[in-house]
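What follows is each chain in one-letter form.
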Amino acid sequence: MQKTAITSAEIAPVLAERWSPRAYDVNHEVSQHELLSILEAGRWAPSANNMQPWRYSVAVRGTELFDQMIGALTGFNQAWAPRASAFIVISVLNQKPDGTPYPAAMLDAGLTAQNMMIQTHELGLAAHPIAGMVQEDMRKVLDLADNLTIAMAMTVGKRAEPETLEGPAFEREIAPRTRLELDEIVLHGKP
Ligand SMILES: Cc1cc2nc3c(=O)[nH]c(=O)nc-3n(C[C@H](O)[C@H](O)[C@H](O)COP(=O)(O)O)c2cc1C
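Residues numbered from 1 in each chain as written. Predicted model: local features only at pLDDT ≥ 70, side-chain atom pairs only at ≥ 80, totals over all residues. Heavy atoms only, no water.

Caption draft 1: Seen up close, the site of the ligand. In the vicinity of the ligand, 14 residues are found, and the nearest of them are Ser 20, Arg 22, Asn 77, His 128 and Arg 177. In this structure, an oxygen atom belonging to the ligand sits 3.1 Å away from a side-chain N or O atom of Arg 18. Notes on the ligand: free accessible area 620 Å², of which the protein chains cover 64%. Element by element, the count of residues in the shell around the ligand is highest for strand β3 (residues 126-130), at 3 residues. Residue classes in the shell around the ligand are distributed as 6 nonpolar, 4 polar and 4 charged. (Near = heavy atom within 4 Å. Polar contact = N/O pair within 3.5 Å; in protein donor to acceptor, adjacent residues only side chain to side chain. Areas by Shrake-Rupley, 256 points an atom, 1.4 Å probe, with all protein chains shown as cover. Helix = DSSP H or I, 4+ residues; strand = E, 2+ residues; numbered from the N terminus. Nonpolar A, V, L, I, M, F, W, Y, C, P; charged D, E, K, R; others polar.)

Shown next, in the form of structure tokens:
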């Protein structure tokens, strides 16, 4: 299924065509090369002062770590995420080297995540960002050090037909993608 964005000006095809599915092909296996490509794309995101605060935790379906990661998600996400081929958690360093807080790390996390999602799309696969998790449970699963904060996660896999889902997940799968109009979000200087 395609959900190409309806835009008021032309944008890069990957940006128009990328969307976040919940229906994944449970028989698809992601290759190590594809995962490497996704992580490389994440690595090359910009970050404040080039601090690169992101740290990645990766698991593929069929492994104990994958099941544990999925188990730390909230209920709605557990209804669809298990069929994805891989799961990636992005954590960030929450302090600068001098020990002071590093709030920009969360912005950097968003940039590395978007790089990964775009690369996933370019590989002919689809990523879905996820924040709905029990943070403490995920921390335990990953055995994270205190200087790391979980920013978000994402599924990676091959799209499947929406009919493989049911209930709210199915409804959201077939719903059109929507955004606020530019008039609503450009405060100054709209062309
Ligand atoms: C930081 C972040 C957290 C998200 N968390 C969830 C989530 O927990 N569960 C979910 O189903 N979708 C989640 N989403 C997906 C959004 O609902 C989705 O990106 C948005 O509706 C726009 O749809 P699109 O990506 O298909 O354009 C999240 C997206 C982002 C950016």
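From this point, the discussion proceeds with the structure in view.
Caption draft 2: Just the pattern of salt bridges, in detail. Counted by the stated rule, this structure contains 3 salt bridges. For Glu 40, the salt bridge is made with Arg 43, and the minimal N-O distance between the two is 3.0 Å. Placement of both Glu 40 and Arg 43 in helix α2 (residues 32-43) is noted, with a separation of 3 residues, approximately one turn of the helix. With a shortest N-O distance of 3.4 Å, Asp 183 and Lys 190 are connected by a salt bridge. In this structure Lys 190 comes out as partly exposed when scored by relative accessible area, which is 39%. (Salt bridge = Lys/Arg side-chain N within 4 Å of Asp/Glu carboxyl O. Buried < 20%, exposed > 50% of the residue type's maximum accessible area, 1.4 Å probe, protein only.)

Caption draft 3: Spotlight on the packing of aromatic side chains. Applying the stated criterion across every chain yields a total of 0 aromatic pairs. A cation sits over an aromatic face here: Arg 22 above Trp 80, 5.8 Å from the ring centre. Sitting over the ring of Phe 76, Arg 172 keeps its end group 4.2 Å from the ring centre. (Phe/Tyr/Trp six-rings, centres within 6.5 Å; stacked < 30°, edge-to-face > 60°. Lys NZ or Arg CZ within 6 Å of the ring centre and 35° of its normal.)

Caption draft 4: Seen up close, unusual backbone geometry. The phi angle at Asn 50 is positive, at roughly 55 degrees, despite the residue not being glycine. Tracing the sequence through the fold places Asn 50 in the loop between α2 and β1 (54-60).

Caption draft 5: Structural detail: helix α6 (residues 135-142). Along α6, the positions that sit buried rather than exposed are Met 138, Arg 139 and Leu 142. All buried residues of α6 project into a common sector of 105 degrees when viewed along the axis, lining one side. On its buried side, α6 packs onto β1, α3 (64-71), β2 (86-93) and β4 (148-157). Phi turns positive one or two residues past the end of α6, at Asp 143, with a value near 50 degrees. (Arc of directions from axis to C-beta. Contact = heavy atoms within 4.5 Å.)

Caption draft 6: Up close: the side chain of Glu 173. With respect to the helices and strands, the residue Glu 173 is situated in helix α7 (residues 167-174). At 4.8 Å, Arg 22 is the nearest oppositely charged side chain to Glu 173, a buried residue that forms no salt bridge. In contact with Glu 173, other than residues within four places in its own chain, are Met 1, Lys 3, Trp 19, Pro 21, Arg 22, Ala 23, Pro 162 and Leu 165. (Lys, Arg positive; Asp, Glu negative; His and termini not counted.)

Caption draft 7: View of the packing of α3 against α6. Taken N-terminus to C-terminus, the directions of α3 and α6 make an angle of 165 degrees; their axes are 9 Å apart at the nearest point. As judged from the angle between their axes, α3 and α6 are roughly antiparallel. In this structure, the crossing between α3 and α6 has a hand that is right-handed. Here Leu 65, Gln 68 and Met 69 of α3 lie close against α6, whose contacting residues are Met 138, Val 141 and Leu 142. Partitioning the contact of α3 with α6 into residue classes produces 5 nonpolar, 1 polar and no charged. (Axes fitted to C-alpha atoms, helices over the stretch in contact; angles between N-to-C directions. Parallel < 35°, antiparallel > 145°, perpendicular 65-115°, else oblique. Left-handed = near helix turned anticlockwise from the far one by under 90°.)

Caption draft 8: A look at a nonpolar patch on the surface. Taken together, the side chains of Leu 180, Leu 182 and Ile 185 make up a nonpolar region of the molecular surface, amounting to roughly 280 Å² of accessible area. For Leu 180, the location among the structural elements is in the loop between α7 and α8 (182-185). The class for Leu 180 is exposed, based on a relative accessible area of 57%. (Patch = residues over 30% accessible without salt bridge, like charges linked within 9 Å, V, L, I, M, F, W, Y side chains within 5 Å.)

Purely geometric stuff here, so don't read any function into it on its own.
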